[in-house]
Every structure is written in structure tokens, then in C-alpha cells.
Amino acid sequence: MGNTALQQKCETASKTGVLKISQRKLTEFPNSVKRLDQVIRVLDFSENHFALIPKEIGSFLHLKQLNLEKNRLISLPEEIGNLTKLESFNVSNNKLTTLPVTLEKLNHLKQVQITDNLLTVFPLMLCGLKHLDFLDVSRNKISEVPDGVENLYVTELVLNQNQVRSISDSIAKCPRLKTLRLEENCLQLSAVPLAILTESSISTIALEGNLFEMKEFMNLEGYDAYMERYTAVKKKMF
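Residues numbered from 1 in each chain as written. Predicted model: local features only at pLDDT ≥ 70, side-chain atom pairs only at ≥ 80, totals over all residues. Heavy atoms only, no water.

Caption draft 1: Spotlight on the nonpolar core. Formed by 72 residues in total, the largest nonpolar core has its most connected members in Leu43, Leu126, Leu135, Leu152, Leu157, Ile171 and Phe217. Within the residue set of this core, elements represented by two or more residues are helix H1 (3-16), helix H3 (195-198) and helix H5 (223-237). Leaving out residues up to four positions away in the same chain, Leu152 has contacts with Phe122, Leu126, Cys127, Leu132, Leu135, Leu157, Cys174 and Pro175. (Core = buried A, V, L, I, M, F, W, Y, C linked by side-chain atoms within 4.5 Å. Buried < 20%, exposed > 50% of the residue type's maximum accessible area, 1.4 Å probe, protein only. Helix = DSSP H or I, 4+ residues; strand = E, 2+ residues; numbered from the N terminus. Contact = heavy atoms within 4.5 Å.)

Listed below in C-alpha cells is the structure:
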């Protein structure tokens, strides 16, 4: 991207608070962008070639939306935890193997998308964020949904196409969880907690593509209770 075009975008962003620089093959965070840290509310650097994001990202204290999708990120700086006004965070289609624990500070997060990365551990640091409504960690390498997940406040959790083999019974205690998607994982029927059928408020459970037939799942004790919730929600929609 030419310096003139970038400068023009930055000048506009200084007035609007919105900066979108996608598909520009950028490998480094431009200095001209760093100077806008006190005005930017929306920052979109998707579809570039970033391997790292500098720690200076933590100075963008008014940021509400951050899109880093389709880069080459191998890690994220801990300073992202300074972005306490952040509501939407997208780091899908990168090469992340871990996430900074400091994400636990982002109390205004509403939507988080971390699909198509290399995560092996469920992001428990996002549990406890009471405004978080949607979390998508599809197409990673997560093998377990561990204890602690009961503190996740999302209404929808998407874990499709991972390597999940075990799920903590405590997932049934998630206070707002309505939709749970675990398609194309490595679950045996015995690994599916019966509590999600009998003791949760989950009204949509997607389990196709695991190591059992859906007919077997439908024969589980408690399935009728789940179907009552499912039907009640569908009726409200029409």
C-alpha cells in the first residue's frame, strides 16, 4: 500500500475513528496508525501478512472493534488486555497456538471469533466476562472442554471441527448458554454429559459427525426434556 493512500486513510480515520486497511500485504504495523491510538474505535487489519502485533496495540484505549482475521499471527501481545472497551475481537484464520491470559480483563467483550487457528486448550480466560454473548473456536485442535467452563456467560458456544473427546459436566451450569455446537469432533456417546439434557437451559445441541449415531443420542435418558426446551424456543420464533 502506497504511503500516500495510507496517509489519506489515516487522515480520514482521525475524523471518523474508523480505520480499515485490508488486503494490503502489510507485514508491519504502520507508525502512522500508531499515532491514532487516542481516536480509533474500529481497527480492521484483516487479510494482511502480520506475524506479530506490536505491544503498542495496548495504547488504543478507545478501541471497540478489532479485526485481525486472515493474517499469519503466531502470538498476541499481553498488552491486548489493556483494551478494556473492546466489544468485538476477531483473530480467525491465523496460526495462534495460545492466547494471552490478559484477555480476562476485557469486560466489555460481546463477540469473540478464534476459528481456524492451532489452539489446543479451551480459552478459560474468557470465562467470567459477563457481556460475552458469542464465542466461536471452530477448527482448532482443542481436545477437552474442562472444568471452569461453567463461568462462561455466552448464549452460543461453537466448537465445531476440533478434537474434543471430553466435556466437563459443569458445562450444564453455564448461566446463559442456549446453543452448543460440537459437530465433527471425537466424542464417544459416553462422553456427552447427560446434565446438558436434564439440568441445563441449552435448547439447541448440535453433535452431528462424532463417534456415534444421532439415533443413539436421541435414545439417551433426558433427551425428552431437552426436546421440550427445543420445541418451546422454536414456537417463540414463529
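Caption draft 2: Up close: the side chain of Asn160. By the secondary structure assignment, Asn160 is in the loop between strand E8 (156-158) and strand E9 (166-167). Within polar-contact distance, the side chain of Asn160 engages the backbone nitrogen of Leu182 at 3.4 Å. With near-sequence residues (within four places) excluded, Asn160 lies in contact with Ser138, Arg139, Arg181, Leu182, Glu183 and Asn185. (Polar contact = N/O pair within 3.5 Å; in protein donor to acceptor, adjacent residues only side chain to side chain.)

Caption draft 3: Up close: the pattern of salt bridges. Across all of its chains, the model carries four salt bridges by this definition. We note a salt bridge from Arg139 to Asp116, for which the minimum N-O separation is 2.9 Å. Note that Arg139 is positioned in the loop between strand E6 (134-136) and strand E7 (144-145) and Asp116 in the loop between strand E5 (111-113) and E6, a separation of 23 residues in sequence. Using a relative accessible area of 23% as the deciding quantity, one classes Asp116 as partly exposed. For the salt bridge of Glu156 with Arg181, the shortest nitrogen-to-oxygen distance reads 3.1 Å. Here Glu156 is found in strand E8, whereas its partner Arg181 is found in strand E10 (residues 179-181), with 25 residues between them in sequence. The class of Glu156 is partly exposed, set by a relative accessible area of 22%. Residue classification places Arg181 among the partly exposed residues on the basis of a relative accessible area of 28%. (Salt bridge = Lys/Arg side-chain N within 4 Å of Asp/Glu carboxyl O.)

Caption draft 4: Inspection of H1 at higher detail. For H1, built from 14 residues, the straight-helix expectation of 20 Å at 1.5 Å per residue is met to within 8% by its first-to-last C-alpha distance of 20 Å. Leu6, Cys10 and Ala13 are the residues of H1 that are buried. The buried residues of H1 occupy an angular sector of 60 degrees when projected down its axis, which confines them to one face. In H1, the exposed residues that point more than 90 degrees away from the buried face are Thr4 and Lys15. Contact partners of the buried residues in H1: strand E1 (18-20) and helix H2 (31-34). At the exit of H1 stands Gly17, carrying a positive phi of roughly 80 degrees. (Expected span 1.5 Å × (residues − 1). Arc of directions from axis to C-beta.)

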